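Reading the structure
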Amino acid sequence: MLKPAGCVIFILVMIAFFVICFKPATHAVEGYEAPNDSEYYALHIGELKTELEDNLFPLLEGIVDCEEADGQLRVFIKDASFADTAGSIAYYYDKELFIFEKV
């Protein structure tokens with residue numbers, strides 16, 4: 001049977017577990033700030049491609065290629081870093097602007 005101090009430690013460990021496990025993941029990239037919002041880039045997809053290739057992609061891992069396709073950007077990402085890289089891009093811009101593909 002647990003003593004009162006053991007109960008307190010158990011509760012603190014459970015609280016730490018819940019905070020760590022259920023904290024929303026942020027995929028912000030240090031040193032990057034989006035110059036325009038997604039509404040602007042929805043109308044200027046070529047400028048979005050240039051912005052990403054020049055400023056965001058060099059800060060991310062696993063980007064293989066990026067091309068325009070049907071008013072969206074198709075971004076090819078290596079499988080090993082797919083979730084983090086796609087999450088980082090989607091952190092700054094609407095997912096509707098992209099087609100993410102694993103390679």
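Presented here is an overview of the structure given in this document. Note that this is a predicted model, so its numbers are computed, not measured. (Residues numbered from 1 in each chain as written. Predicted model: local features only at pLDDT ≥ 70, side-chain atom pairs only at ≥ 80, totals over all residues. Heavy atoms only, no water.)

Turning next to the pairing of strand 1 (residues 63-69). Relative to strand 2 (residues 72-77), strand 1 runs antiparallel, the two being bridged by six bridges. Residue Cys 66 lies in a different strand from strand 2, and its bridge partner there is Val 75. Counting the residues in the hairpin turn of strand 1 and strand 2 gives two residues, including Asp 70, whose phi is positive at 55°. (Pairing = 2+ DSSP bridges. Helix = DSSP H or I, 4+ residues; strand = E, 2+ residues; numbered from the N terminus.)

Right, let's get into the side chain of Thr 85. With respect to the helices and strands, Thr 85 occurs in helix 4 (residues 82-92). Excluding anything up to four places from it in sequence, Thr 85 contacts Leu 60, Glu 61, Ile 63 and Ile 77. (Contact = heavy atoms within 4.5 Å.)

Inspection of every chain in the model, using the stated rule, returns four salt bridges. For Glu 101, the salt bridge goes to Arg 74, with nearest N and O atoms at 2.7 Å. Of this pair, Glu 101 sits in strand 3 (residues 98-102) while Arg 74 is found in strand 2, placing the two residues 27 residues apart along the sequence. Relative accessible area serves as the criterion here: at 22%, Arg 74 is assigned to the partly exposed category. Note that Asp 79 and Lys 102 form a salt bridge whose closest N and O atoms lie 3.7 Å from each other. One end of the pair, Asp 79, is in the loop between strand 2 and helix 4; the other, Lys 102, is in strand 3, and 23 residues separate them in sequence. Using a relative accessible area of 47% as the deciding quantity, one classes Asp 79 as partly exposed. (Salt bridge = Lys/Arg side-chain N within 4 Å of Asp/Glu carboxyl O. Buried < 20%, exposed > 50% of the residue type's maximum accessible area, 1.4 Å probe, protein only.)

The biggest cluster of nonpolar side chains holds 20 residues, and the ones touching the most others in it are Leu 48, Leu 52, Leu 73, Val 75, Tyr 93 and Phe 98. Mapped by element, the contributors of at least two residues to this core are helix 3 (45-56), strand 2 and helix 4. Among residues more than four places away in sequence, those in contact with Val 75 are Phe 57, Ile 63, Asp 65, Cys 66, Ile 89, Phe 98, Ile 99, Phe 100 and Glu 101. (Core = buried A, V, L, I, M, F, W, Y, C linked by side-chain atoms within 4.5 Å.)

From the geometry alone we can't say anything about function, so treat these as descriptive.
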